Amino acid sequence: MLRNQRVVDHIVGHLAAAGVSHIFGVDGANIEDLYDAAHFRPDITAVLAKHEFSAATMADGYSRAGAGLGVVAATSGGGALNLVPGLGESFSSRVPVLALVGQPATTMDGRGSFQDTSGRNGALDAHALFSTVSVFCRRVLDPADIVWALSAAVAAARTGGPAVLLLPKDIQQAQLPARGDPGYIERPRMVGDPQPIVRALRQTVGPVTIIAGEQVARDDARAELASLRSVLRARVACVPDAKDVAGTPGYGASSALGVTGVMGHPGVAQAVSESALCLVVGSRLTVTARAGLDEALAAVRTISIGSAPPYVACTHVHTDDLRASLRTLTHALEGSMRPNGIRVPDSVARTHLAPPQYSGPGVRYRDAMSALDEVLTEGTDVVVDAGNTGAAAIHHLPVRRGGRFLVALGMGGMGYSFGAGIGMAFGRRNTRGPTPRVVVIAGDGAFFMHGMEIHTAVHYRLPVTFVLFNNNAHAMCVTREQLYFKGAYSYNRFAPSRLGDGLRAMFPGLDAVEVHDADGLAAALRTSLHADGPFVLSVDCAADEFPPFAPFLSCTNRKDREDVAANA
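Just so it is clear, the model here is predicted, and its values are computed rather than measured.

Colleague: Kindly report on the sheet that holds strand β15 (residues 381–384), identifying the contributing residues and their values.
Modeller: Across the sheet, six strands lie side by side as β16-β15-β17-β18-β20-β19; this open sheet has parallel pairing. Pairing within the sheet leaves two strands with one partner each, and these edge strands are β16 (405–407) and β19 (511–515). Sheet twist, expressed as the mean angle between neighbouring strand axes with direction ignored, is 15°. Direction of pairing for β15 relative to β16: parallel, over a ladder of three bridges. Bridging from a neighbouring strand, Val384 pairs with Val407 of β16.

Colleague: Help me get a handle on the pattern of salt bridges, residues and values and all.
Modeller: When the charged atoms of two side chains lie near each other, side chains of opposite charge can form a pair. What the rule picks out here adds up to 23 salt bridges. Put simply, Arg64 and Asp60 hold a salt bridge, and the shortest N to O gap is 2.6 Å. Residue Arg64 and its partner Asp60 are both found in helix α3 (residues 52–64); the two are separated by four residues, about one turn of the helix. In this pair, the class of Arg64 matches that of Asp60, namely buried. With its nearest N and O atoms 2.9 Å apart, the salt bridge here joins Asp244 to Arg222. Remark: Arg222 occurs in helix α11 (residues 222–232) and Asp244 occurs in the loop between β10 (235–238) and β11 (256–259); sequence separation between them is 22 residues. Comparing Asp244 with Arg222 shows no difference in burial state: the two are buried.

Colleague: Break down the packing of aromatic side chains for me, with residues and values.
Modeller: The tally for this structure, following the rule as stated, stands at 10 aromatic pairs. Geometrically, the ring pair formed by Phe24 and Tyr62 is edge-to-face, given 5.6 Å between the ring centres and 65° between the ring planes. Of this pair, Phe24 sits in strand β2 (residues 22–25) while Tyr62 sits in helix α3, and the two are 38 residues apart along the sequence. Relative to Tyr460, the ring of Phe426 lies with its centre 5.3 Å away and its plane at 75°, an arrangement referred to as edge-to-face. Of the two residues, Phe426 is situated in helix α18 (residues 416–431) and Tyr460 in the loop between α20 (454–459) and β18 (464–470); the sequence distance between them amounts to 34 residues.

Colleague: Tell me about the pairing of strand β3 (residues 45–48), and name the residues and values.
Modeller: Inspection of the sheet shows β2 paired to β3 by four bridges, in the parallel sense. Its bridge partner lying in β3, Gly25 is registered against Leu48. Of the crossover connections in this fold, the one passing from β2 over helix α2 (residues 32–39) to the parallel β3 is right-handed.

Colleague: Account for the nonpolar core, naming residues and giving values.
Modeller: Formed by 56 residues in total, the largest nonpolar core has its most connected members in Val72, Leu87, Phe130, Ile454, Phe466 and Leu468. The greatest single-element share of this core, amounting to seven residues, is contributed by α18. Leaving out residues up to four positions away in the same chain, Ile454 has contacts with Phe418, Phe447, Phe466, Leu503, Phe507, Leu510 and Val536. Counting residues in each nonpolar core, the second largest holds 49 residues, with Val236, Ala237, Val300 and Val317 among its members.

Cut-off values and rules
Residues numbered from 1 in each chain as written. Predicted model: local features only at pLDDT ≥ 70, side-chain atom pairs only at ≥ 80, totals over all residues. Heavy atoms only, no water. Pairing = 2+ DSSP bridges. Helix = DSSP H or I, 4+ residues; strand = E, 2+ residues; numbered from the N terminus. Axes fitted to C-alpha atoms, helices over the stretch in contact; angles between N-to-C directions. Salt bridge = Lys/Arg side-chain N within 4 Å of Asp/Glu carboxyl O. Buried < 20%, exposed > 50% of the residue type's maximum accessible area, 1.4 Å probe, protein only. Phe/Tyr/Trp six-rings, centres within 6.5 Å; stacked < 30°, edge-to-face > 60°. Right-handed = clockwise from strand over helix to strand, strands pointing away. Core = buried A, V, L, I, M, F, W, Y, C linked by side-chain atoms within 4.5 Å. Contact = heavy atoms within 4.5 Å.

So, to be careful, I would describe these as geometric facts and stop short of saying anything about function.
Here it is in structure tokens:
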């Protein structure tokens with residue numbers, strides 16, 4: 001017998017039918033009814049974060065892990081506003097996320113109520129605010145509208161980016177009439193016609209280079225990319241936030257060229273310049289991703305397939321379903337239809353950026369990444385934060401076979417990795433057998449912003465290893481002070497801290513250690529892989545060591561400094 005249900009009951013039921021298993025958020029008066037509805041759904045787990053930014057990055061990391069649509073919930077007022085930077089990252093990186101944002105009851109709109117964001121009578125306008133960081137935003141003002149609004153929001157998010165539903169408390173609590181709800185229905189996504197790319201490839205005489213991007217990761221089109229690469233006998237380079245999509249050198253993916261852009265490998269530009277055609281797959285090629293490639297791309301015929309055209313001039317085929325499009329493209333190029341003019345490229349050695357040697361105290365970035373590379377097992381997921389530490393990990397640390405490598409370069413918000421690593425750990429419970437370990441790599445600056453989210457990993461006993469590089473500074477800002485202001489002063493050096501000791505004292509049951517050299521790092525990492533729950537390593541390093549970051553390394557005269565200061 002059909003019974004009436006609340007709007008919040010409809011929401012969690014619809015999400016469960018869509019394959020969502022977790023909702024991340026911070027509870028509060030104007031979102032508590034959603035948490036109440038989730039409590040009575042055995043197929044939905046509501047995860048309580050410590051801060052709404054981190055809850056948003058948990059949803060982002062969950063989505064990037066391939067676990068399904070990431071969902072974040074927040075109450076009104078300051079809680080809602082805290083979502084904005086996290087959703088901004090998902091928007092810029094085109095990550096599917098659904099945000100459910102509580103609001104005061106509609107009866108209080110424009111009447112000076114606490115946390116009024118109705119936009120009426122001088123109140124802050126939440127709809128206008130969230131519309132700037134989303135691909136879809138609706139304020140639900142009639143309970144019956146939740147049926148179409150929720151379906152539309154989920155469909156919009158799946159095209160790549162956050163969708164936001166603003167939910168007044170009285171609307172959440174309202175009853176929906178009994179109906180035979182058909183449940184969640186997957187809407188077909190647009191699949192572009194690859195024939196322009198097929199024709200271009202059949203006309204190509206010489207090597208092909210593929211630049212693979214973030215949509216390959218978002219649509220989990222890794223296997224389809226590998227099949228296309230094999231047919232074209234192409235080399236593959238990845239943009240920094242899609243480092244894991246081209247395979248792992250040494251594990252049968254010898255065609256992998258490395259990473260493009262400001263933290264990438266110089267050999268990529270050489271490979272592109274020597275190609276007859278460059279195929280961009282699922283990337284807009286932002287400045288961070290294409291730095292050093294503009295000249296090569298301008299001289300080589302470039303074609304693109306993906307959900308958004310690149311920032312470089314090229315022929316582009318639109319598709320919202322990259323997996324299906326790559327399968328179609330590969331099939332059109334197989335067997336007797338294989339292009340005759342494509343040649344196997346000469347090998348290009350993997351080249352590295354060469355920062356100045358530094359001999360001061362602490363562990364060197366490259367030595368630390370070598371220790372991580374030596375110890376981390378297959379299937380380990382890696383989440384990297386912003387700054388000098390992140391640049392070193394992107395440049396030096398190889399992807400684990402079967403693991404994901406996640407970095408947020410849409411907005412580059414510091415502290416992203418803590419929530420994202422937790423969201424990925426929850427998501428990986430759904431996608432594989434024994435839950436693999438997630439390794440979060442972050443600096444002390446990122447920790448001071450959102451590192452207390454480690455307590456969430458402690459609370460849920462998640463298999464996350466947090467590697468905190470402690471140089472007592474915002475080190476990338478220190479580097480900038482040295483380059484652009486002659487090191488005459490520093491705002492960006494901190495009073496000393498001992499993060500491992502402090503966290504161990506704060507959180508009973510948390511394993512946390514201080515590490516002072518590369519050997520100690522390797523030993524502690526091995527111990528962490530067998531920990532029951534989270535593990536923290538605080539690694540001494542130096543704020544004065546230059547990272548592998550091309551704009552800094554090319555800063556040799558005043559003009560370079562001015563250009564880099566404007567663009568880095």
